[in-house]
Amino acid sequence: MKRIFSGIQPTGEIHIGNYVGAIREWVRLTEDYDCIYCVVDFHALTVEYPVDEMAKRTLDTAIVLIACGLTPEKCKLFIQSAVPEHTELAWIFNCVTPVGDLERMTQFKEKARQHRGNVNMGLMDYPVLQAADILIYKAEFVPVGEDQIQHIELSREIARKFNGRFKPLFPEPQVILSRAPRILGLDGKSKMSKSLNNYIGLLEEERTIWEKLRTAVTDTNRVRRYDPGNPHLCNVFTIHTAFSEKGLLEEIERDCRSARIGCIDCKRMLFERIIEEIAPIRERVEEIKKNVDYVFEVLNTSALKCREIAKRTIDEVREALGLLSLKKG
RNA sequence: AGGCCAGUAGCUCCAACGGAUAGAGCACCGGACUCCAAAUCCGGGUGAUGGGGGUUCGAAUCCCUCCUGGCCUGCCA
């Protein structure tokens, strides 16, 4: 079975954009692939963060992932910092990665601009650690959003360079682009994100979700109730496509274009569909939280298994690099 | 380790003579209008001027110190 790797940062609050764009796909992919998923807490260190919240955020993120269906029966789910071999490999990859490549990364440039007061090496090295995450498991596929394509390309280049210079140990990982359309934030402008506060949290109260959805930006050309709308210019409709059945979508598209329904009607239907899908997740989160030991157990077991794989890769890498080995035999 | 520069609202800041209530743009919040939003209009500053100490009747402003960041020099596997 081909192997998949992907990671998510412990932001503390997972939103429906994360869910439909990544997590739900991750669950689906467990059917056909050997999947390794990771809460990438080391990556989260590259920007300033509240130190006293990191552990909780990481745990909460893991709980949501399990509640969404990334159970130990289906995949390995662990915390990045629990497998230190990732960083060892990242160091080695550093030594085959041109600085210019990293300076050219659009995410780096963007974040360096945003966090002008803290442009650290980790921020620039982010994609290299990512490459190490993937390649230490020799994963061949990486389900990520469009914004990560450039990083995965770098992973391929790093693999190619290492393979050529030392020994062909690594596959060149391929992106699996999410089938889900890119959901924008409630402002209808930018990607849904916690920092922009334009998100609907997966675990938010129904009341809050409705308030946010009710005031979400729609097709700005549709001013009056009797104006026909254009669903393809409407972010609410885009979110619909992530949550609603084909039949309902066709119905809404037709009724929106003919002004049979208004945006509020459309939003109500979407609200119901969202709740229908995420309510069970919220319930499972509550269940899981009653037994946190289980979560630790899951994370630990996975980390141990992953560490076995990671150590094997590291051994091969060290040998390929020509380092002196003190191991017997 | 040393030198120079900087730190003011969520963000960007060339507002503010040692003087009264610390400003602008954007963002944000409330209201009107909307099927809901958007746009527009009306209303709101949301801040311990990086921390601490000092001088002064009075400090964002002057002095000391610490912290953070930038640039430079030195040292270093």
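1. Thoughts on the overall build of chain A
From N to C terminus, chain A includes twelve helices and five strands. By its C-alpha atoms, chain A is 80 × 45 × 40 Å across when sized along the principal axes. In chain A, which comprises 329 residues, the share counted as buried stands at 50%. Once local pairs closer than 6 in sequence are excluded, the contacts in chain A between residues at least 24 apart make up 77%. Of the roughly 16600 Å² of accessible surface on chain A, a fraction of 52% belongs to carbon and sulfur atoms.

2. Some remarks on helix 3 (residues 85–94)
Among the residues of helix 3, Glu85, His86, Leu89, Ala90, Ile92 and Phe93 are the ones counted as buried. For helix 3, the angular spread of buried residues about the axis comes to 160°, placing them on one side. Residues of helix 3 that are buried sit in contact with strand 1 (3–8), strand 3 (76–79), helix 6 (121–135), helix 7 (149–165) and helix 12 (292–321).

3. Quick word on the pairing of strand 5 (residues 174–177)
Judged from the four bridges that link them, strand 4 (residues 141–144) and strand 5 form a sheet pairing that is parallel. Following the sheet pairing, Val142 is matched in strand 5 by Val175.

4. Some points on the domain arrangement of chain A
Each domain of chain A was delimited in the assignment, giving domain 1 (3–183 + 291–321) and domain 2 (206–286). Computed from C-alpha coordinates alone, the two centres of domain 1 and domain 2 are separated by 33 Å. Contacts between domain 1 and domain 2 engage eleven residues on the former and eleven residues on the latter. In total, domain 1 and domain 2 occlude about 950 Å² of area from one another, counting both sides; carbon and sulfur atoms represent 72% of this. For the domain 1 face of the interface with domain 2, the top three residues by lost area are Ile16, Ala67 and Ile183, together amounting to 45%. At the boundary of domain 1 with domain 2, the tally comes to one salt bridge. If you look at where domain 1 meets domain 2, you find four residue pairs in polar contact (both at pLDDT 80 or more). Of all the elements in the fold, those that place two or more residues in the side of domain 1 that touches domain 2 are helix 1 (16–29) and helix 2 (54–67).

5. Some words on the packing of helix 3 against helix 6
The relative placement of two packed helices is expressed as an angle between their axes plus a distance between the axes. Taken N-terminus to C-terminus, the directions of helix 3 and helix 6 make an angle of 120°; their axes are 8 Å apart at the nearest point. Judged by the angle between their axes, helix 3 and helix 6 are oblique. Read as a crossing pair, helix 3 and helix 6 show a hand that is right-handed. Taken together, the residues of helix 6 that come into contact with helix 3 (itself represented by His86, Thr87, Leu89, Ala90, Phe93 and Asn94) are Asp125, Val128, Leu129, Ala131, Ala132, Asp133 and Leu135. Taken together, the residues of the contact of helix 3 with helix 6 break down into eight nonpolar, three polar and two charged.

6. Re the protein's contact with RNA strand B
Neighbouring residues of RNA strand B: 17 residues in total, closest Arg214, Val217, Cys263, Ile264 and Lys267. Counting only atoms of RNA strand B within 4 Å of the protein, the sugar-phosphate share comes to 60%. A distance of 2.9 Å separates a base nitrogen of RNA strand B from a polar atom in the side chain of Thr218. Between RNA strand B and Lys267, the relevant distance is 2.6 Å, taken from a base oxygen to a side-chain nitrogen or oxygen of the residue. When the residues that make up the surface near RNA strand B are grouped by side-chain class, the tally is five nonpolar, five polar and seven charged.

7. Points about the environment of Glu103
Note that Glu103 resides in helix 4 (residues 99–103). Classification of Glu103 by relative accessible area gives partly exposed; the value is 44%. Considered as a pair, Glu103 and Asp125 are 22 residues apart in the sequence and their alpha carbons are 9.4 Å apart.

8. Points about a nonpolar patch on the surface
On the surface, a nonpolar cluster with roughly 270 Å² of combined accessible area is contributed by Leu45, Tyr49 and Val51. Tracing the backbone shows Tyr49 in the loop between strand 2 (34–39) and helix 2.

9. Digging into the packing of aromatic side chains
Scanning the model with the defined rule gives nine aromatic pairs in all. Here the aromatic cluster, defined as three or more aromatic residues joined through ring pairs, consists of Phe93, Phe162, Phe166 and Phe170. The ring of Phe243 is capped by Arg24, whose NZ or CZ atom sits 5.7 Å from the centre of that ring. A cation sits over an aromatic face here: Lys212 above Tyr199, 4.3 Å from the ring centre.

10. Overview of unusual backbone geometry
Of note in this structure, Lys138 is not a glycine but carries a positive phi near 50°. Note on placement: Lys138 falls in the loop between helix 6 and strand 4. At Ala259, a position not held by glycine, the phi torsion is positive, near 60°. Mapped onto the elements of the fold, Ala259 is located in the loop between helix 10 (246–257) and helix 11 (263–289). A relative accessible area of 15% means that Ala259 is categorised as buried.

11. A short note on the state of the cysteines
Under the counting rule described, the total for this entry stands at zero disulfides. Cys68 forms no disulfide, and the closest cysteine sulfur to it belongs to Cys75, at a distance of 11 Å. With relative accessibility at 10%, the residue Cys68 sits in the buried group. Free cysteine Cys306: the closest other cysteine sulfur is in Cys38, separated by 7.7 Å. Overall, the relative accessible area of 0% leaves Cys306 in the buried class.

Calculation rules
Residues numbered from 1 in each chain as written. Chains lettered and ligands numbered in written order. Predicted model: local features only at pLDDT ≥ 70, side-chain atom pairs only at ≥ 80, totals over all residues. Heavy atoms only, no water. Helix = DSSP H or I, 4+ residues; strand = E, 2+ residues; numbered from the N terminus. Buried < 20%, exposed > 50% of the residue type's maximum accessible area, 1.4 Å probe, protein only. Contact = heavy atoms within 4.5 Å. Areas by Shrake-Rupley, 256 points an atom, 1.4 Å probe, with all protein chains shown as cover. Arc of directions from axis to C-beta. Pairing = 2+ DSSP bridges. Domains from an automatic or database assignment. Buried area = accessible area lost by both parts, 1.4 Å probe. Salt bridge = Lys/Arg side-chain N within 4 Å of Asp/Glu carboxyl O. Polar contact = N/O pair within 3.5 Å; in protein donor to acceptor, adjacent residues only side chain to side chain. Axes fitted to C-alpha atoms, helices over the stretch in contact; angles between N-to-C directions. Parallel < 35°, antiparallel > 145°, perpendicular 65-115°, else oblique. Left-handed = near helix turned anticlockwise from the far one by under 90°. Nonpolar A, V, L, I, M, F, W, Y, C, P; charged D, E, K, R; others polar. Near = heavy atom within 4 Å. Patch = residues over 30% accessible without salt bridge, like charges linked within 9 Å, V, L, I, M, F, W, Y side chains within 5 Å. Phe/Tyr/Trp six-rings, centres within 6.5 Å; stacked < 30°, edge-to-face > 60°. Lys NZ or Arg CZ within 6 Å of the ring centre and 35° of its normal. Disulfide = S-S within 2.5 Å.

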